[in-house]
Amino acid sequence: MVFVKVQSRSGEVLAEKLDIDGETVLDLKKAFQKKFPKFYPDRQRLTIDKKVLYDKDTLEQHEIKDNTVITFKDLGPQISWRNVFIVEYFGPLFIHPLFYFGSKLFYKGATGEHTPVQKICFLFIMIHFLKREFETVAIHRFSNNSMPVKNIFKNSFHYWVLSGINMAYWIYRPGFTSGHIPAFTSTVGMAFCCILWVYSEVSNLLTHIILRNLRPAGTRVRKIPYGYGFNIVTCPNYFFETLAWLAICLLTGSISSWLFTIVAFAQMYEWAVKKRRNYIKEFGDAFPKDKRTAIIPFLL
(Lines give C-alpha, C1' and ligand atoms only; values in the text may rest on other atoms or scores of the structure.)
Protein backbone atom coordinates (compact mmCIF):
# COMPACT_ATOMS: atom_id res chain seq x y z
CA MET A 1 0.00 0.00 0.00
CA VAL A 2 1.26 3.47 -0.93
CA PHE A 3 0.34 6.80 0.69
CA VAL A 4 0.50 9.88 -1.54
CA LYS A 5 -0.30 13.56 -1.18
CA VAL A 6 -2.87 15.03 -3.56
CA GLN A 7 -3.16 18.77 -4.13
CA SER A 8 -4.98 21.12 -6.48
CA ARG A 9 -3.16 23.13 -9.14
CA SER A 10 -3.28 26.12 -6.80
CA GLY A 11 -1.42 24.13 -4.14
CA GLU A 12 -4.39 23.43 -1.83
CA VAL A 13 -3.95 20.07 -0.13
CA LEU A 14 -6.90 17.79 -0.90
CA ALA A 15 -5.59 14.59 0.65
CA GLU A 16 -2.55 14.57 2.93
CA LYS A 17 -2.18 10.78 2.91
CA LEU A 18 -4.25 9.04 0.27
CA ASP A 19 -3.81 5.30 0.54
CA ILE A 20 -3.65 3.39 -2.75
CA ASP A 21 -4.55 -0.27 -2.66
CA GLY A 22 -3.33 -1.30 -6.09
CA GLU A 23 -0.58 -0.90 -8.65
CA THR A 24 -2.01 1.37 -11.38
CA VAL A 25 -2.99 5.00 -11.84
CA LEU A 26 -6.60 3.82 -12.17
CA ASP A 27 -6.33 2.40 -8.65
CA LEU A 28 -5.06 5.81 -7.53
CA LYS A 29 -8.07 7.50 -9.17
CA LYS A 30 -10.46 5.06 -7.52
CA ALA A 31 -8.90 5.81 -4.15
CA PHE A 32 -9.39 9.54 -4.78
CA GLN A 33 -13.01 8.93 -5.83
CA LYS A 34 -13.59 7.02 -2.60
CA LYS A 35 -12.63 10.16 -0.69
CA PHE A 36 -14.39 12.56 -3.12
CA PRO A 37 -17.28 10.54 -4.69
CA LYS A 38 -18.23 13.04 -7.41
CA PHE A 39 -14.79 12.84 -9.03
CA TYR A 40 -15.08 9.57 -10.95
CA PRO A 41 -11.88 8.47 -12.79
CA ASP A 42 -12.71 10.02 -16.19
CA ARG A 43 -13.30 13.36 -14.49
CA GLN A 44 -9.82 13.37 -12.95
CA ARG A 45 -6.63 14.65 -14.53
CA LEU A 46 -3.65 13.67 -12.40
CA THR A 47 -0.12 14.88 -13.06
CA ILE A 48 3.35 14.80 -11.56
CA ASP A 49 5.45 17.80 -12.56
CA LYS A 50 2.96 18.47 -15.39
CA LYS A 51 3.34 14.91 -16.73
CA VAL A 52 -0.08 13.32 -17.22
CA LEU A 53 -0.77 9.99 -15.52
CA TYR A 54 -2.88 7.61 -17.63
CA ASP A 55 -5.17 4.95 -16.17
CA LYS A 56 -3.20 1.91 -17.30
CA ASP A 57 0.17 3.35 -16.23
CA THR A 58 1.70 1.65 -13.22
CA LEU A 59 2.71 3.48 -10.04
CA GLU A 60 6.20 2.06 -10.45
CA GLN A 61 6.39 3.47 -13.98
CA HIS A 62 6.08 7.01 -12.54
CA GLU A 63 8.12 6.21 -9.41
CA ILE A 64 5.10 6.89 -7.22
CA LYS A 65 5.87 6.00 -3.61
CA ASP A 66 5.02 7.25 -0.12
CA ASN A 67 4.63 11.06 0.07
CA THR A 68 4.78 11.57 -3.71
CA VAL A 69 2.89 14.77 -4.58
CA ILE A 70 0.11 14.35 -7.15
CA THR A 71 -1.61 17.34 -8.75
CA PHE A 72 -5.36 17.04 -9.39
CA LYS A 73 -7.53 18.89 -11.93
CA ASP A 74 -11.29 18.55 -12.20
CA LEU A 75 -12.16 18.06 -15.89
CA GLY A 76 -15.86 18.56 -15.20
CA PRO A 77 -18.73 16.19 -16.12
CA GLN A 78 -17.57 13.82 -18.85
CA ILE A 79 -19.08 11.78 -21.68
CA SER A 80 -17.32 8.99 -23.56
CA TRP A 81 -15.98 9.73 -27.03
CA ARG A 82 -17.93 6.77 -28.38
CA ASN A 83 -21.20 8.24 -27.12
CA VAL A 84 -20.26 11.65 -28.50
CA PHE A 85 -19.84 10.22 -31.98
CA ILE A 86 -23.09 8.27 -31.73
CA VAL A 87 -24.97 11.45 -30.83
CA GLU A 88 -23.26 13.52 -33.53
CA TYR A 89 -24.00 11.11 -36.36
CA PHE A 90 -27.56 10.50 -35.20
CA GLY A 91 -28.44 14.09 -36.19
CA PRO A 92 -28.28 13.65 -39.99
CA LEU A 93 -29.81 10.17 -39.70
CA PHE A 94 -32.85 11.76 -38.07
CA ILE A 95 -33.02 15.06 -39.97
CA HIS A 96 -32.61 13.86 -43.57
CA PRO A 97 -35.47 11.31 -43.45
CA LEU A 98 -37.60 13.98 -41.76
CA PHE A 99 -37.23 16.35 -44.73
CA TYR A 100 -37.17 13.60 -47.36
CA PHE A 101 -40.29 11.70 -46.29
CA GLY A 102 -42.03 14.63 -44.64
CA SER A 103 -41.51 17.15 -47.45
CA LYS A 104 -45.20 18.20 -47.29
CA LEU A 105 -44.57 19.52 -43.79
CA PHE A 106 -41.80 21.88 -44.91
CA TYR A 107 -42.50 22.89 -48.52
CA LYS A 108 -45.61 24.46 -49.99
CA GLY A 109 -46.93 22.43 -52.90
CA ALA A 110 -44.73 19.40 -52.21
CA THR A 111 -46.05 16.15 -53.72
CA GLY A 112 -43.73 13.71 -52.03
CA GLU A 113 -42.09 12.82 -55.33
CA HIS A 114 -38.30 13.07 -55.58
CA THR A 115 -35.87 13.66 -58.42
CA PRO A 116 -33.07 11.17 -59.21
CA VAL A 117 -30.52 13.53 -57.69
CA GLN A 118 -32.50 13.73 -54.45
CA LYS A 119 -32.89 9.95 -54.28
CA ILE A 120 -29.18 9.33 -54.82
CA CYS A 121 -28.13 12.07 -52.42
CA PHE A 122 -30.47 10.79 -49.69
CA LEU A 123 -29.18 7.24 -50.13
CA PHE A 124 -25.55 8.34 -50.00
CA ILE A 125 -25.97 10.49 -46.90
CA MET A 126 -27.88 7.81 -45.01
CA ILE A 127 -25.34 5.10 -45.87
CA HIS A 128 -22.46 7.43 -44.96
CA PHE A 129 -23.73 8.17 -41.46
CA LEU A 130 -24.89 4.60 -40.83
CA LYS A 131 -21.34 3.58 -41.75
CA ARG A 132 -19.99 6.16 -39.30
CA GLU A 133 -22.21 4.78 -36.52
CA PHE A 134 -21.03 1.24 -37.32
CA GLU A 135 -17.39 2.33 -37.23
CA THR A 136 -17.96 4.09 -33.91
CA VAL A 137 -19.43 0.98 -32.29
CA ALA A 138 -17.40 -1.77 -33.94
CA ILE A 139 -14.14 -0.38 -35.34
CA HIS A 140 -12.78 2.78 -33.71
CA ARG A 141 -10.45 2.52 -30.73
CA PHE A 142 -10.13 5.79 -28.86
CA SER A 143 -6.95 7.12 -27.27
CA ASN A 144 -8.97 9.19 -24.77
CA ASN A 145 -11.82 7.84 -22.68
CA SER A 146 -13.99 10.93 -22.53
CA MET A 147 -14.51 14.62 -23.17
CA PRO A 148 -16.39 17.40 -21.29
CA VAL A 149 -20.18 17.06 -21.66
CA LYS A 150 -20.49 20.73 -22.64
CA ASN A 151 -18.41 20.12 -25.79
CA ILE A 152 -21.00 17.78 -27.28
CA PHE A 153 -23.20 20.74 -28.21
CA LYS A 154 -20.38 22.43 -30.14
CA ASN A 155 -19.36 19.19 -31.83
CA SER A 156 -22.94 18.27 -32.74
CA PHE A 157 -23.59 21.63 -34.43
CA HIS A 158 -21.38 20.59 -37.35
CA TYR A 159 -23.44 17.49 -38.06
CA TRP A 160 -26.93 18.39 -36.86
CA VAL A 161 -26.97 21.83 -38.47
CA LEU A 162 -24.43 22.00 -41.33
CA SER A 163 -24.86 18.48 -42.71
CA GLY A 164 -28.32 18.06 -41.24
CA ILE A 165 -30.81 20.93 -41.44
CA ASN A 166 -28.73 23.12 -43.77
CA MET A 167 -28.25 20.43 -46.42
CA ALA A 168 -31.59 18.65 -46.08
CA TYR A 169 -33.76 21.77 -46.36
CA TRP A 170 -32.24 22.91 -49.65
CA ILE A 171 -31.59 19.57 -51.33
CA TYR A 172 -35.04 18.05 -50.74
CA ARG A 173 -37.10 21.04 -51.82
CA PRO A 174 -39.65 20.17 -54.56
CA GLY A 175 -38.18 19.58 -58.02
CA PHE A 176 -34.53 20.04 -56.97
CA THR A 177 -32.10 18.88 -59.65
CA SER A 178 -29.09 21.13 -59.02
CA GLY A 179 -28.09 24.13 -56.95
CA HIS A 180 -26.49 27.47 -57.80
CA ILE A 181 -23.08 25.88 -58.47
CA PRO A 182 -22.65 23.86 -61.70
CA ALA A 183 -23.35 20.19 -61.08
CA PHE A 184 -22.72 16.92 -62.91
CA THR A 185 -26.33 16.46 -64.05
CA SER A 186 -25.75 14.34 -67.16
CA THR A 187 -26.05 10.56 -66.99
CA VAL A 188 -22.29 10.20 -67.34
CA GLY A 189 -21.68 12.92 -64.75
CA MET A 190 -24.02 11.33 -62.22
CA ALA A 191 -22.43 7.93 -62.83
CA PHE A 192 -18.99 9.46 -62.18
CA CYS A 193 -20.20 10.94 -58.88
CA CYS A 194 -21.64 7.60 -57.82
CA ILE A 195 -18.42 5.73 -58.62
CA LEU A 196 -16.32 8.36 -56.84
CA TRP A 197 -18.55 8.19 -53.75
CA VAL A 198 -18.50 4.38 -53.53
CA TYR A 199 -14.71 4.29 -54.03
CA SER A 200 -14.19 6.95 -51.36
CA GLU A 201 -16.46 5.35 -48.76
CA VAL A 202 -14.93 1.89 -49.17
CA SER A 203 -11.42 3.38 -49.06
CA ASN A 204 -12.27 5.36 -45.94
CA LEU A 205 -13.50 2.18 -44.24
CA LEU A 206 -10.31 0.31 -45.17
CA THR A 207 -8.12 3.03 -43.64
CA HIS A 208 -10.13 2.92 -40.41
CA ILE A 209 -9.62 -0.83 -40.21
CA ILE A 210 -5.85 -0.34 -40.65
CA LEU A 211 -5.82 2.20 -37.81
CA ARG A 212 -7.84 -0.12 -35.59
CA ASN A 213 -5.41 -2.98 -36.09
CA LEU A 214 -2.50 -0.80 -35.00
CA ARG A 215 -3.86 -0.36 -31.47
CA PRO A 216 -4.56 -3.36 -29.21
CA ALA A 217 -7.87 -3.04 -27.37
CA GLY A 218 -7.70 -1.06 -24.13
CA THR A 219 -4.32 0.52 -24.87
CA ARG A 220 -2.95 3.88 -26.01
CA VAL A 221 -0.33 2.30 -28.27
CA ARG A 222 0.68 4.46 -31.22
CA LYS A 223 2.41 3.05 -34.30
CA ILE A 224 3.22 4.39 -37.74
CA PRO A 225 0.48 3.24 -40.14
CA TYR A 226 1.42 1.75 -43.49
CA GLY A 227 -0.54 0.30 -46.37
CA TYR A 228 -3.58 1.47 -48.31
CA GLY A 229 -3.30 5.25 -48.67
CA PHE A 230 -0.92 5.70 -45.76
CA ASN A 231 2.24 5.44 -47.86
CA ILE A 232 1.59 8.83 -49.47
CA VAL A 233 -0.74 10.60 -47.01
CA THR A 234 -0.56 10.90 -43.23
CA CYS A 235 -4.35 10.81 -42.86
CA PRO A 236 -5.87 9.11 -45.93
CA ASN A 237 -9.06 8.55 -43.95
CA TYR A 238 -9.60 12.34 -44.04
CA PHE A 239 -8.69 12.47 -47.72
CA PHE A 240 -11.23 9.79 -48.67
CA GLU A 241 -13.84 11.42 -46.43
CA THR A 242 -13.34 14.66 -48.35
CA LEU A 243 -13.65 12.86 -51.70
CA ALA A 244 -16.94 11.28 -50.64
CA TRP A 245 -18.44 14.67 -49.80
CA LEU A 246 -16.94 16.17 -52.96
CA ALA A 247 -18.93 13.58 -54.93
CA ILE A 248 -22.12 14.83 -53.27
CA CYS A 249 -21.15 18.45 -53.99
CA LEU A 250 -20.58 17.68 -57.67
CA LEU A 251 -23.83 15.71 -57.81
CA THR A 252 -26.00 18.43 -56.24
CA GLY A 253 -24.23 21.72 -56.96
CA SER A 254 -25.79 22.90 -53.70
CA ILE A 255 -24.12 25.73 -51.81
CA SER A 256 -25.17 24.01 -48.57
CA SER A 257 -23.24 20.83 -49.45
CA TRP A 258 -20.19 22.85 -50.51
CA LEU A 259 -20.34 24.84 -47.26
CA PHE A 260 -20.38 21.69 -45.14
CA THR A 261 -17.58 20.09 -47.17
CA ILE A 262 -15.33 23.16 -46.98
CA VAL A 263 -15.83 23.51 -43.22
CA ALA A 264 -15.25 19.77 -42.72
CA PHE A 265 -12.11 19.82 -44.86
CA ALA A 266 -10.71 22.81 -42.96
CA GLN A 267 -11.15 20.97 -39.68
CA MET A 268 -9.72 17.71 -41.02
CA TYR A 269 -6.74 19.55 -42.52
CA GLU A 270 -6.00 21.05 -39.10
CA TRP A 271 -6.22 17.61 -37.48
CA ALA A 272 -4.05 16.03 -40.20
CA VAL A 273 -1.29 18.63 -39.80
CA LYS A 274 -1.35 18.11 -36.03
CA LYS A 275 -1.20 14.32 -36.38
CA ARG A 276 1.68 14.57 -38.83
CA ARG A 277 3.54 16.83 -36.43
CA ASN A 278 2.92 14.40 -33.56
CA TYR A 279 4.15 11.43 -35.63
CA ILE A 280 7.37 13.30 -36.44
CA LYS A 281 7.84 14.31 -32.81
CA GLU A 282 7.22 10.79 -31.49
CA PHE A 283 8.92 8.65 -34.13
CA GLY A 284 11.55 11.03 -35.52
CA ASP A 285 13.37 9.83 -38.63
CA ALA A 286 11.39 6.58 -38.58
CA PHE A 287 8.37 8.49 -39.87
CA PRO A 288 8.66 8.98 -43.67
CA LYS A 289 7.76 12.67 -43.62
CA ASP A 290 9.34 13.37 -47.02
CA LYS A 291 7.06 10.79 -48.67
CA ARG A 292 3.80 11.74 -46.96
CA THR A 293 1.80 14.93 -47.15
CA ALA A 294 -0.79 15.64 -44.45
CA ILE A 295 -4.11 15.11 -46.21
CA ILE A 296 -3.97 15.54 -50.02
CA PRO A 297 -1.43 13.41 -51.94
CA PHE A 298 1.59 15.40 -53.14
CA LEU A 299 -0.03 18.77 -52.28
CA LEU A 300 -1.02 19.37 -48.65
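Residues numbered from 1 in each chain as written. Predicted model: local features only at pLDDT ≥ 70, side-chain atom pairs only at ≥ 80, totals over all residues. Heavy atoms only, no water.

- In the nomenclature of an unreviewed UniProt entry, the protein chain is known as very-long-chain enoyl-CoA reductase of Anaeromyces robustus.
- For the protein chain, the Subcellular location (unreviewed entry) comment in UniProt is given as "Endoplasmic reticulum membrane".
- Quoted straight from UniProt, the Catalytic activity (unreviewed entry) entry for the protein chain says "a very-long-chain 2,3-saturated fatty acyl-CoA + NADP(+) = a very-long-chain (2E)-enoyl-CoA + NADPH + H(+)". (UniProt positions renumbered as here; feature names shortened; annotations may be inferred.)

1. Some remarks on the packing of helix H2 (residues 81–101) against helix H4 (residues 116–138)
Next, step 1: Relative orientation of the contacting elements H2 and H4 amounts to 160°, with a least axis distance of 9 Å. The pairing of H2 with H4 is recorded here as roughly antiparallel in orientation. Crossing of H2 over H4 shows left-handed handedness. Between H2 and H4, the residues in contact are Arg82, Phe85, Ile86, Tyr89, Phe90, Pro92, Leu93, His96, Pro97, Tyr100 and Phe101 and Gln118, Lys119, Phe122, Ile125, Met126, Phe129, Leu130, Arg132, Glu133, Thr136 and Val137, respectively. (Axes fitted to C-alpha atoms, helices over the stretch in contact; angles between N-to-C directions. Helix = DSSP H or I, 4+ residues; strand = E, 2+ residues; numbered from the N terminus. Parallel < 35°, antiparallel > 145°, perpendicular 65-115°, else oblique. Left-handed = near helix turned anticlockwise from the far one by under 90°. Contact = heavy atoms within 4.5 Å.)

2. Some thoughts on the side chain of Lys131
Next, step 1: Positionally, Lys131 belongs in helix H4.
Next, step 2: Given the relative accessible area of 12%, Lys131 is considered buried.
Next, step 3: The residues contacting Lys131, other than those within four sequence positions of it, are Glu201, Asn204 and Leu205. (Buried < 20%, exposed > 50% of the residue type's maximum accessible area, 1.4 Å probe, protein only.)

3. Focus on the UniProt feature "transmembrane region" (unreviewed entry) in the protein chain
Next, step 1: Cross-referencing UniProt, the feature "transmembrane region" (unreviewed entry) maps to residues 179–199 and 243–266 in the present numbering.
Next, step 2: Helix makes up 62% of residues 179–199 and strand 0%, with an end-to-end C-alpha separation of 24 Å.
Next, step 3: Annotated as 92% helix and 0% strand, the span residues 243–266 places its first and last C-alpha atoms 14 Å apart.

4. A short note on the pattern of salt bridges
Next, step 1: One pass over the structure, following the stated rule, counts 6 salt bridges.
Next, step 2: Linking Lys131 and Glu135 is a salt bridge whose minimum nitrogen-to-oxygen distance equals 2.8 Å. In this pair, Lys131 and Glu135 are both assigned in helix H4, 4 residues apart and thus about one turn of the helix distant. You'll find Lys131 and Glu135 in the same group, each marked buried.
Next, step 3: Linking Glu241 and Arg132 is a salt bridge whose minimum nitrogen-to-oxygen distance equals 2.6 Å. Taken together, the residues Glu241 in helix H7 (residues 236–252) and Arg132 in helix H4 connect sequence positions 109 residues apart. An identical accessibility class is assigned to Glu241 and Arg132; each is buried.
Next, step 4: Each of Lys131, Glu135 and Glu201 takes part in salt bridges that share partners, so that together they form one network. (Salt bridge = Lys/Arg side-chain N within 4 Å of Asp/Glu carboxyl O.)

5. Considering the UniProt feature "domain: Ubiquitin-like" (unreviewed entry) in the protein chain
Next, step 1: The positions that UniProt labels "domain: Ubiquitin-like" (unreviewed entry) are, in the present scheme, residues 23–70.
Next, step 2: What you have in residues 23–70 is 23% helix and 19% strand, and the ends, taken at the C-alpha atoms, are 15 Å apart.

6. Describing the nonpolar core
Next, step 1: Ile125, Phe129, Met167, Tyr172, Trp245 and Ile248 are the most contacted members of the largest nonpolar core, which has 48 residues in total.
Next, step 2: Contributing elements (two or more residues each) for this core: H2, H4, helix H5 (151–171), helix H6 (187–214), H7 and helix H8 (255–283).
Next, step 3: In this structure, Leu18, Leu28, Leu46 and Ile70 belong to the second largest nonpolar core, which totals 18 residues. (Core = buried A, V, L, I, M, F, W, Y, C linked by side-chain atoms within 4.5 Å.)

7. Brief notes about the packing of aromatic side chains
Next, step 1: Taken as a whole, this structure holds 33 aromatic pairs when the rule is applied.
Next, step 2: An angle of 55° between the planes, with centres 6.1 Å apart, marks the rings of Phe90 and Trp160 as tilted. Of this pair, Phe90 sits in helix H2 while Trp160 is found in helix H5, placing the two residues 70 residues apart along the sequence.
Next, step 3: For Phe90, a relative accessible area of 43% puts it in the partly exposed group.
Next, step 4: When the ring of Tyr100 is compared with that of Phe122, the centres are 4.0 Å apart and the planes differ by 10°; the resulting orientation is stacked. With Tyr100 in helix H2 and Phe122 in helix H4, this residue pair connects regions lying 22 residues apart in the sequence. For the pair formed by Tyr100 and Phe122, the shared burial category is buried.
Next, step 5: Here the aromatic cluster, defined as three or more aromatic residues joined through ring pairs, consists of Trp81, Phe85, Tyr89, Phe129, Phe142, Tyr159, Trp245 and Phe260. (Phe/Tyr/Trp six-rings, centres within 6.5 Å; stacked < 30°, edge-to-face > 60°.)

8. Here's the deal with the domain arrangement of the protein chain
Next, step 1: Taken domain by domain, the protein chain comprises domain 1 (2–76) and domain 2 (81–291).
Next, step 2: If you average the C-alpha positions of domain 1 and of domain 2, the two centres end up 39 Å apart.
Next, step 3: On the domain 2 side, the residues contacting the 5 residues of domain 1 number 5 residues.
Next, step 4: At the boundary of domain 1 with domain 2, total buried surface from both sides reaches about 410 Å², with 46% on carbon and sulfur atoms.
Next, step 5: Looking only at domain 1, the three residues that lose the most surface to domain 2 are Asp42, Tyr54 and Lys56, adding up to 73% of its buried area.
Next, step 6: Run the count over domain 1 and domain 2 and you get 0 salt bridges.
Next, step 7: Here domain 1 and domain 2 share 0 residue pairs in polar contact (both at pLDDT 80 or more) between them. (Domains from an automatic or database assignment. Buried area = accessible area lost by both parts, 1.4 Å probe. Polar contact = N/O pair within 3.5 Å; in protein donor to acceptor, adjacent residues only side chain to side chain.)

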